[in-house]
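Each chain, letter by letter, is given below.
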Amino acid sequence: MRVVSAPMIHHLDCGTMCPHAGVALRLVDRSTRHLVARCTLIEAPGGLVLIDTGYGTGDVADPRRLGPARHLLGARLDPAQTAAARVRALGHDPADVRHVLVTHLDLDHAGGLGDFPGAQVHVHGTELATMRAGRRSDALRYRTAHWAHGPRWVEHAADGEAWFGFERARLLEDVGVEIAMIPLFGHSAGHAGYAVEGPDGWILHAGDAYLHHGEIETPARAGRGLRAYHRINCEDAGLRRMNAGRLADLVAAHGDQVTVHCSHDAVELARDVRTPDPTAPA
Ligand SMILES: [Zn+2]
């Protein structure tokens, strides 16, 4: 029988971005001044599990490997903000991270893979296949330097079991925590979120399925600027919009059981680390 116990969950701020397109976010909410690159560390009985890796120490040392998208995103590269540094600050050795779960392979999520070379890297099979196809249109988002070390990829696909109405793939049945991959295609071809059963209920790390908390409120708030940003920066805009709508429905119906967050919303991060909202008026 599986031993399942409540893990410690740490919400990590692993990057700061001030994109020119941040103007688009302000069209939705005037308080949005910057984007974060959020990662989640799970201290499970069976070892450390990290969701997403932000930018890595290799990116800090050689920003050119990020290509031109670094400028579009306005990435401020800081060695103290890398996931490896955040893991160390919590008193752990990055080598003890056994599993990395990536929402997708964009440069601001997969940049730190090389800092965890011994970990298994879990990814949706469609995302991995799309990256490997090497499409010209993906050259800005997928950066070969991020997997030059040869990650130990583990591909997944949904097994059809329902999680609050979403398809899921059960993962890591040996770490002692309920964790599932939730396909949320659209932003990228094989984009996925991760659901984790924590001490205060479920959390869902939804990656880039949406960018601003207003998008999953009811009624949703997404101004023209933000919608345009998604259209430009998206594999399948219709699918992405549909999945953001499903997340809004999830929060409306089960917000007492599930806390949803995305990768880049500073207000959501402040909510979850229980620190003062950095955008609140003084
Ligand atoms: Zn992103």
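Quick caveat, the model's predicted, so the values are computed rather than measured.

Caption draft 1: Layout of the sheet that holds strand S4 (residues 75–76). Strand order across the open sheet formed by seven strands is S4-S1-S2-S3-S5-S6-S7, with mixed pairing between neighbours. Each of the sheet's edge strands pairs with one partner strand only, and the pair in question is S4 and strand S7 (152–156). Both strand S6 (residues 120–124) and S7 contribute to a ladder of five bridges, which runs parallel. In the sheet register, histidine 124 faces S7, and the bridge partner there is histidine 156. Of the strands in this sheet, S6 and S7 touch helix H6 (residues 125–133), which is tilted by about 95° from S6.

Caption draft 2: Geometry of the sheet that holds strand S11 (residues 192–198). Strand order in the open sheet formed by six strands is S8-S9-S10-S11-S12-S13, with mixed pairing between adjacent strands. Two strands in the sheet have a free side with no partner beyond their single neighbour: strand S8 (161–163) and strand S13 (258–261). Here the strands of the sheet are splayed against their neighbours by 35° on average, with no regard to which way each runs. Alignment of strand S9 (residues 166–171) against strand S10 (residues 179–183), held across three bridges, turns out to be antiparallel. For alanine 169, the partnering residue across the bridge sits in S10 and is methionine 181.

Caption draft 3: Inspection of the pairing of strand S1 (residues 8–17) at higher detail. Two strands pair when backbone bridges link them, and S1 and strand S2 (residues 35–44) are joined in this way by eight bridges, in the antiparallel orientation. Each residue of the ladder has a partner; that of aspartate 13, found in S2, is arginine 38.

Caption draft 4: Examining the nonpolar core more closely. Ranked by internal contacts, the top residues of the largest apolar core, which has 69 residues, are Val49, Leu50 and Val100. With seven residues, S2 is the single largest residue contributor to this core. Apart from the residues lying within four places of it in its own chain, the contact partners of leucine 50 are Cys39, Leu41, Ala83, Val97, Val100 and Phe116.

Caption draft 5: Examining the pairing of S11 more closely. Counting buried positions along S11 yields five of seven residues, so the element is predominantly enclosed. Counting the residues that bridge the hairpin from S11 to strand S12 (residues 201–205) gives two residues.

Caption draft 6: Highlighting unusual backbone geometry. Cis peptide bonds are those with omega within 30 degrees of zero, and the linkage from threonine 218 to proline 219 qualifies with 0°. Relative to the helices and strands, proline 219 resides in the loop between S12 and helix H7 (224–232). In this model, aspartate 52 sits at a positive phi of 65°, which is unusual for a non-glycine residue. Turning to its location among the elements, aspartate 52 is positioned in the loop between strand S3 (47–51) and helix H2 (57–61). Judged by the 29 C-beta atoms lying within 10 Å of it, aspartate 52 falls in the buried class. At leucine 172, a residue that is not glycine, the phi angle is positive and equals roughly 50°.

Caption draft 7: Molecular detail of the environment of leucine 247. Checked against the element boundaries, leucine 247 lands in helix H8 (residues 237–254). Separated by 31 residues in sequence, leucine 247 and isoleucine 216 have C-alpha atoms that sit 6.1 Å apart. In contact with leucine 247, not counting residues within four places along its chain, are Ala206, Ala209, Tyr210, Ile216 and Val260.

Caption draft 8: Structural detail: the environment of alanine 195. Relative to the helices and strands, alanine 195 resides in strand S11. Remark: the alpha-carbon pair of alanine 195 and threonine 259, spanning 64 residues in sequence, is separated by 9.5 Å. Not counting residues up to four positions away in its chain, the partners in contact with alanine 195 are Trp163, Arg168, Ala180, Ile182, Trp202 and Leu204.

Caption draft 9: Structural detail: H8. Between the first and last C-alpha of H8 there are 25 Å, a value that for 18 residues agrees with the 26 Å anticipated at 1.5 Å per step. All of the buried residues along H8 are Arg240, Asn243, Ala244, Leu247 and Leu250. The arc that holds the buried residues of H8, viewed along the axis, is 110°, so those residues lie on one side. When the buried face of H8 is taken as reference, the exposed residues oriented beyond 90 degrees from it are Gly238 and Ala252. Each element contacted by the buried residues of H8 is listed here: H7 and S13.

What counts as what
Residues numbered from 1 in each chain as written. Predicted model: local features only at pLDDT ≥ 70, side-chain atom pairs only at ≥ 80, totals over all residues. Pairing = 2+ DSSP bridges. Helix = DSSP H or I, 4+ residues; strand = E, 2+ residues; numbered from the N terminus. Contact = placed C-beta atoms within 7 Å. Axes fitted to C-alpha atoms, helices over the stretch in contact; angles between N-to-C directions. Core = buried A, V, L, I, M, F, W, Y, C linked by C-beta atoms within 7 Å. Buried ≥ 20, exposed ≤ 12 C-beta atoms within 10 Å, placed from the backbone. Expected span 1.5 Å × (residues − 1). Arc of directions from axis to C-beta.

The quantities given are spatial measurements derived from coordinates; they are silent on function.
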